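Examining the three-dimensional arrangement
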Amino acid sequence: MSQDVGELLLRSVPFARTLGIVVETAEDGRAICRVPPRADLANHVGGPHAGVLFTLAESASGAAVLSLFADQLERAVPLPTTATIAFRKIATGEVRASARLAVSREDVLARLDAGERPEFDVEVEITNADGAVVSTLAVTWTLRPNRP
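These notes cover the structure that comes with them.

Thresholds applied
Note that residues are indexed from 1 along each chain, following the sequence as it is written. Local features in this predicted model are restricted to residues of pLDDT 70 or higher, and side-chain atom pairs are both shown and tallied only at a pLDDT of 80 or more, whereas totals for entire chains, interfaces and linings draw on every residue. Note that the side-chain values use all heavy atoms of the structure and ignore hydrogens as well as water. We call a set of buried Ala, Val, Leu, Ile, Met, Phe, Trp, Tyr and Cys residues a nonpolar core when their side-chain atoms join them within 4.5 Å. For each residue, the accessible area found with a 1.4 Å probe, counting protein chains only, is set against the maximum for its type, and the residue is called buried under 20%, exposed over 50%, and partly exposed in between. Helix and strand labels come from DSSP, where a helix needs a run of H or I of at least four residues and a strand needs a run of E of at least two; each type is numbered from the N terminus. The contact criterion used throughout is that any non-hydrogen atoms of two residues lie within 4.5 Å. Here the rule is simple: two strands pair whenever DSSP picks up at least two bridges between them.

Concerning the nonpolar core
One recurring pattern in soluble globular proteins is that nonpolar side chains are buried together. With 43 residues, the main nonpolar core has Leu 56, Ala 63, Phe 69, Leu 101, Phe 120 and Ile 126 as its most contacted residues. Looking at this core, the element that brings in the most residues is helix H3 (residues 50-69), giving 11 residues. Phe 120 has contacts with Val 65, Phe 69, Leu 101, Val 103, Val 108, Arg 111, Val 139, Thr 140, Trp 141, Thr 142 and Leu 143, leaving out every residue within four places of it along the chain.

Considerations on the pairing of strand E5 (residues 119-127)
Bridge count for strand E4 (residues 95-101) against E5 is six bridges, and the pairing is antiparallel. Looking across to E5, one finds that Arg 96 is bridged to Thr 127. By the bridge criterion, nine bridges tie E5 to strand E6 (residues 133-145) in an arrangement that is antiparallel. Across the sheet, the residue bridging to Ile 126 is Ser 135, located in E6. Between E5 and the antiparallel strand that follows it, E6, lie five residues; Gly 131 among them carries a positive phi value of about 90°.

Structure follows, in structure tokens:
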């Protein structure tokens, strides 16, 4: 399913394509995405701009969400509601975001089936090529039921 989720994400989110985000894996509520280094995406200290880091992390969180709920798109649309990013150190080179849902598919779908608009968290860690954590992102997502 990872290739389908990656294709779905990049088809649905043109800005992720603009940044050159690569979806490496997306399955079972987890996803890994990366952005190769590009001079036109750099900040004033030579690393990827904060906006690139945020978009990479948010995209990885979206891929993780889609990996569990792509089959629900006819009845609900996934949307981020809040996000908090922490910049831990200057990012350099290629950056990679690893995302994971902090809730089970069954719990979210039970709330959706009960007529609720479920909210759930996705945690993301961004690392440099050497594996050092440069940023973390916490995103709250919802599945908004489609209107008839």
